[in-house]
Amino acid sequence: MQNLQINDQVADQLHNMAKQEHVSSTELIERLIKKHSEELNKQGELAAFFRPFQKNMSDFSFDREDANAR
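These figures come from a predicted structure and were not determined experimentally.

Caption draft 1: Main features of the overall build of the protein chain. If you tally the helices and strands in the protein chain, you get 3 helices and 0 strands. Reading the protein chain from its N terminus to its C terminus gives the helix and strand order α-α-α. For 70 residues, the compact-globule estimate of 2.2 N^0.38 gives 11 Å, and the protein chain exceeds it by more than 25% at 24 Å. Principal-axis analysis of the C-alpha atoms gives the protein chain an extent of 70 × 25 × 20 Å. Split into buried and exposed, the 70 residues of the protein chain put 6% on the buried side. About 7100 Å² of surface is accessible on the protein chain, with carbon and sulfur atoms providing 51% of the total. When the 9 positive and 12 negative side-chain charges of the protein chain are each reduced to one mean point, those points stand 5 Å apart.

Next up, the structure:
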């Protein structure tokens, strides 16, 4: 287990949040870390899903006159 150094204000907020949730501060931190990890995994899955749809559009140019002629 790693030690975490936080300032007094953050420690007070953490203690208050843990008290509202009726859990210990360490359990609350574990929950927050787990939730953050799940969010990162979700973002990775979304990025992987959309990767095939990403196209290089740097050479694309739109010609309004040509489009209107069609």
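Caption draft 2: Up close: the environment of A69. You can see A69 is positioned in helix α3 (residues 64–69). The spacing of A69 and Q54 is 15 residues in sequence and 29 Å in space, taken between C-alpha atoms.

Caption draft 3: Inspection of unusual backbone geometry at higher detail. For H22, which is not a glycine, the phi torsion comes out positive at approximately 60°. Tracing the chain through its elements places H22 in the loop between α1 (8–21) and α2 (25–50). Residue classification places H22 among the exposed positions, given a relative accessible area of 72%.

Caption draft 4: Fine view of the packing of aromatic side chains. Counting across every chain of the model gives 2 aromatic pairs. Taking 5.8 Å as the distance between ring centres and 55° as the angle between the ring planes, the aromatic pair formed by F49 and F53 counts as tilted.

Caption draft 5: Looking closely at a nonpolar patch on the surface. Together, L46, F49, F50 and F53 make up a nonpolar patch on the protein surface, roughly 450 Å² of accessible area in all. As for its placement among the helices and strands, F50 is situated in helix α2.

Caption draft 6: Spotlight on the environment of N41. Turning to its location among the elements, N41 is positioned in helix α2. In this structure the C-alpha to C-alpha distance between N41 and N68, which are 27 residues apart in sequence, comes to 45 Å.

Parameters and conventions
Residues numbered from 1 in each chain as written. Predicted model: local features only at pLDDT ≥ 70, side-chain atom pairs only at ≥ 80, totals over all residues. Heavy atoms only, no water. Helix = DSSP H or I, 4+ residues; strand = E, 2+ residues; numbered from the N terminus. Rg over C-alpha atoms; globule rule 2.2 N^0.38 Å. Buried < 20%, exposed > 50% of the residue type's maximum accessible area, 1.4 Å probe, protein only. Areas by Shrake-Rupley, 256 points an atom, 1.4 Å probe, with all protein chains shown as cover. Lys, Arg positive; Asp, Glu negative; His and termini not counted. Charge placed at Lys NZ, Arg CZ, Asp CG, Glu CD. Phe/Tyr/Trp six-rings, centres within 6.5 Å; stacked < 30°, edge-to-face > 60°. Patch = residues over 30% accessible without salt bridge, like charges linked within 9 Å, V, L, I, M, F, W, Y side chains within 5 Å. Salt bridge = Lys/Arg side-chain N within 4 Å of Asp/Glu carboxyl O.

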